[in-house]
Amino acid sequence: MHAFNYHRPSNVNDAAALAAKSADSKLLAGGQSLVQAMKLRLAAPTDIVDLGMVKDLAGIKSDGKTVTIGAMTRHAEVTGSAEVKKAIPALAVLAGMIGDRQVRNMGTLGGSLANSDPAADYPAAVLGLGATITTTKGTHAADKFFKGLYETALRPGEIITSVSFPIPKRAGYMKFKNQASRFAIVGVFVADMGNGVRVAVTGAGPCVLRLAEMEKALGAKFAPESVAGLKVKSDGLNSDLHASAEYRAHLITVMAKRAVEAAMK
Amino acid sequence: MSAVPDRVHATLRVNGEDQQVSFAPYKTLLEVLREDLNLTGTKHGCELGECGACAVLVDGEPLLSCLELAVQCEGRDIQTIEGLAKGTELHPLQAAFADHGGSQCGYCTSGMVMTAKALLDKEPAPSRERIREALAGNLCRCTGYQQIWESVESAAKALREGKR
């Protein structure tokens, strides 16, 4: 790792000020992607602003309509939360599928979203549920947050503080994972919001995306057979040593079907 | 909230003892444990959070010491493999790994044992499935998983029977 200046602010305003002071600063949340990138010299920030001591960024609240999760809340906390399990069980299940136990003890919701890894799990829930991302500079609708490969609507120095997930009527998440890393080769989040259905796919494209055709079919009838026959085009999907674009397209249909099955249980 | 200069002077609580350490802020917990505290039982594996060889317990939870900056662990309770034995008496997990062949080349063992300890501290009688899930982030290149799971089951039984 290259040397850097280390900062440990105790509140989010100081964190934002510190992050803004240097052109090449990085916010350190759980560090499960950033520290790795720094070791590989893919990232070499001059300044690290550690959010670990900013206590008001962690925690889970539910008011019956939405579940709000602090940006620094660890995956292990979300998957074990009685409130999340009760309000949005699919979200607790998703958090429990991220990486392994060690990673879940460190990784955070905000870190995952800000990084926007194309194979990350959380973006599927955020887009699938139409969540609202609150930052130090305002709010972002999920539909306008994910911009591309590792790219989001966040501006420099903007810090995610929490995410509010609307509670769906029912929802399910299913992923075909890479056996070693447990990243999603394809992950599909399906949510019946009561007034419509949302389908979000991670792992398949440069960033998480929605599938209008599946949403329409599930809106007409929320059942696995509604999507089982829908073929997804492979244009623009990722192709790598784990799976070709065509295989990913195939997996989207299979995972969507299983996600609907999970939601109906 | 001031910037930390070349070296950090921190108190790390390792295996129940406060240790005054001075280290560069970019050092990982793994590096500080091994290089500054001479606790070499925790191993460098993949260095990228994939293999689990470097797993230690921080505040009772297993995490990857290769992806954690040491400076992030100030004031937290760090447990490493060196803290398990009491004098010459092995922890039941260590004894079980030896008795059941849970350790072949030994490189993954400390990460396996520490991760298993975190599980048994919370769940005294985990199913095989739970043990497998808990150790999913720890790779054994000797592929001795069967013996590792048996070791954890045997240690769980010993602990339930009050051996320690």
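This is a predicted model, so every value here is computed, not measured.

Moving on to the interface of chain A and chain B. Contacts between chain A and chain B engage 28 residues on the former and 31 residues on the latter. Carbon and sulfur atoms make up 56% of the surface buried where chain A meets chain B, a total of about 2600 Å² over both sides. Counting the surface chain A buries against chain B, the share from its top three residues, Y6, R101 and Q102 of chain A, is 27%. Measuring nitrogen to oxygen at the nearest pair gives 3.0 Å for the salt bridge that ties R101 of chain A to E133 of chain B.

Moving on to the environment of L251 of chain A. Residue and element names in this part refer to chain A. Tracing the sequence through the fold places L251 in helix α11 (residues 245-264). Here the alpha-carbon distance between L251 and G187, two residues 64 residues apart in the chain, equals 8.6 Å. Setting aside anything within four residues of it in sequence, one finds L251 in contact with F176, I185 and V186.

A separate point is the domain arrangement of chain B. Quoted interface sizes are often the accessible area lost when the parts come together. Residue and element names in this part refer to chain B. Splitting chain B by domain gives domain 1 (8-83) and domain 2 (92-159). The distance between the C-alpha centroids of domain 1 and domain 2 comes to 21 Å. Listed by partner, the interface residues are 18 residues for domain 1 and 13 residues for domain 2. For the pair domain 1 and domain 2, the summed buried surface comes to about 1200 Å²; carbon and sulfur atoms form 57% of the total. Remark: the boundary between domain 1 and domain 2 carries 7 residue pairs in polar contact (both at pLDDT 80 or more). Counting only elements with at least two residues in the side of domain 1 that touches domain 2, the list comes to β3 (55-58) and β4 (61-64). When residues of the side of domain 1 that touches domain 2 are assigned to their parent elements, the largest contribution, 3 residues, is made by β3.

Counting 41 residues, the largest nonpolar core has L113, F165 and F189 of chain A as the members making the most contacts within it. Where this core is concerned, the elements lending two or more residues are β5 (66-70), α4 (82-87), α5 (89-96), α7 (109-115), α8 (122-128), β10 (160-166), β11 (170-177) and β12 (184-192) of chain A. In this view, F165 of chain A contacts K65, T66, V67, I69, I88, L91, L109, A125, V126, L129 and A131 of chain A; residues no more than four positions away in its chain are not counted. One finds Y6 of chain A together with L12, L30 and C66 of chain B within the second-largest nonpolar core, a separate group that totals 36 residues.

A few words now on the pattern of salt bridges. Scanning the model with the defined rule gives 25 salt bridges over all chains in all. The partner of R248 of chain A in a salt bridge is D240 of chain A, with the nearest N and O atoms 3.1 Å apart. D240 of chain A sits in the partly exposed class, given a relative accessible area of 35%. We note a salt bridge from R76 of chain B to D59 of chain B, for which the minimum N-O separation is 3.2 Å. Of this pair, R76 of chain B sits in the loop between β4 and β5 (77-79) while D59 of chain B is found in the loop between β3 and β4, placing the two residues 17 residues apart along the sequence. The exposure class of R76 of chain B is partly exposed, given its relative accessible area of 24%. One network of salt bridges, with partners in common, ties together R101 and R104 of chain A together with E123, R130 and E133 of chain B.

A word on the pairing of β11 of chain A. Residues and elements named next belong to chain A. Note that β11 and β12 share 8 bridges and pair antiparallel. Pairing of A171 across the sheet is with A191, part of β12. Between the antiparallel neighbours β11 and β12 lie 6 residues, among them R182 with a positive phi of about 60°.

Residue and element names in this part refer to chain A. For the coordinates displayed, the defined rule picks out 4 aromatic pairs over all chains. Considering the side-chain rings of F176 and Y247, the 6.2 Å spacing of their centres and the 85° angle between planes classify their relative orientation as edge-to-face. Taken as a pair, F176 in strand β11 and Y247 in helix α11 lie far apart in primary sequence, 71 residues in all.

Residues and elements named next belong to chain B. Between helix α2 (residues 92-99) and helix α5 (residues 145-160), whose axes approach to 8 Å, the crossing angle comes to 135°. Relative to α5, α2 is oriented oblique. The way α2 lies across α5 gives a crossing that is right-handed. Of the residues in α5, those in contact with P92, L93, A96 and F97 of α2 are I148, S151, V152, S154, A155, A158 and L159. Along the lines of polarity and charge, the residues of the contact of α2 with α5 split into 9 nonpolar, 2 polar and no charged.

A few words now on the state of the cysteines. All chains considered together, the criterion is met by 0 disulfides over all chains. Looking at the unpaired C140 of chain B, the closest cysteine sulfur is the one in C108 of chain B, lying at 4.1 Å.

Scoring rules and cut-offs
Residues numbered from 1 in each chain as written. Chains lettered and ligands numbered in written order. Predicted model: local features only at pLDDT ≥ 70, side-chain atom pairs only at ≥ 80, totals over all residues. Heavy atoms only, no water. Contact = heavy atoms within 4.5 Å. Buried area = accessible area lost by both parts, 1.4 Å probe. Salt bridge = Lys/Arg side-chain N within 4 Å of Asp/Glu carboxyl O. Helix = DSSP H or I, 4+ residues; strand = E, 2+ residues; numbered from the N terminus. Domains from an automatic or database assignment. Polar contact = N/O pair within 3.5 Å; in protein donor to acceptor, adjacent residues only side chain to side chain. Core = buried A, V, L, I, M, F, W, Y, C linked by side-chain atoms within 4.5 Å. Buried < 20%, exposed > 50% of the residue type's maximum accessible area, 1.4 Å probe, protein only. Pairing = 2+ DSSP bridges. Phe/Tyr/Trp six-rings, centres within 6.5 Å; stacked < 30°, edge-to-face > 60°. Axes fitted to C-alpha atoms, helices over the stretch in contact; angles between N-to-C directions. Parallel < 35°, antiparallel > 145°, perpendicular 65-115°, else oblique. Left-handed = near helix turned anticlockwise from the far one by under 90°. Nonpolar A, V, L, I, M, F, W, Y, C, P; charged D, E, K, R; others polar. Disulfide = S-S within 2.5 Å.

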